[in-house]
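# Tertiary structure, described
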Amino acid sequence: DRNTIRECATLHSATNDGDATVVGSDNSFLSCTHIAHDCILGNHIIMSSFAGLAGRVVVEDHAILAGYVAVHQFCRIGKLAMIGGCSKVRQDVPPFMLADGSPAETVTVNKVGLERAGLSEEAQTALRQAYKLLFREGLTISNALTRIEQELAPLPEVQYLVKFVRASERGISK
């Protein structure tokens, strides 16, 4: 419901009986965006011009893909994540983070997105600390997740981030 689909955007149906391409509500798909087969998209997503999703990609709520972003098949884009223009995404982008580059790397917390979503200052601080443990301390993912669970308050946003990273099959964009 209430999706904006601009000129030359393509949305493909599923490839097999019983499968589905699912698109939530209140999304904006600007000109020449591409959503391939079997993708699952949440709500309030913005895909800027020429952004494209290969097959079986999952994009969670409030994610933003800038222009010319290319997402490899089977990747996941976490909620409130933002991907910078011309990025090549070949691994999962964790929720609440900003990724950029070719290949895309997680470069910081999506501060503006968190503020716009109304996350508390406590949650924003905890997510910045989780970001540092995951991406700046040189720890393995497993060790970083253990430290996050031991050292940070068990806020819903932190728990969601940990759960997302643990469920990653392709690895996360580091």
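Note: the structure precedes this text.
The rules behind the values
Residues numbered from 1 in each chain as written. Predicted model: local features only at pLDDT ≥ 70, side-chain atom pairs only at ≥ 80, totals over all residues. Heavy atoms only, no water. Pairing = 2+ DSSP bridges. Helix = DSSP H or I, 4+ residues; strand = E, 2+ residues; numbered from the N terminus. Core = buried A, V, L, I, M, F, W, Y, C linked by side-chain atoms within 4.5 Å. Buried < 20%, exposed > 50% of the residue type's maximum accessible area, 1.4 Å probe, protein only. Contact = heavy atoms within 4.5 Å.

## Some words on the sheet that holds strand β11 (residues 70-71)
Within the open sheet, the five strands sit side by side as β2-β5-β8-β11-β14. Their pairing is parallel. On the outer flanks of this sheet lie β2 (10-11) and β14 (88-89), each paired with one strand and no other. Sheet analysis places strand β5 (residues 34-35) next to strand β8 (residues 52-53), joined by two bridges and oriented parallel. Looking at β8, one finds that isoleucine 35 is bridged to leucine 53.

## A word on the nonpolar core
With 24 residues, the main nonpolar core has Leu114, Leu119, Leu134, Ile148 and Leu161 as its most contacted residues. Listing elements by their share of this core, those giving two or more residues are α2 (121-135), α3 (141-151) and α4 (156-166). When residues in this core are grouped by element, the largest group, eight residues, is from α2. When residues no more than four places from it in sequence are discounted, the contact partners of leucine 114 are Leu80, Phe96, Val109, Leu119, Gln124 and Leu127. Core analysis: the next-biggest nonpolar cluster, separate from the first, contains 23 residues, Met47, Leu65, Cys75 and Ile83 among them.

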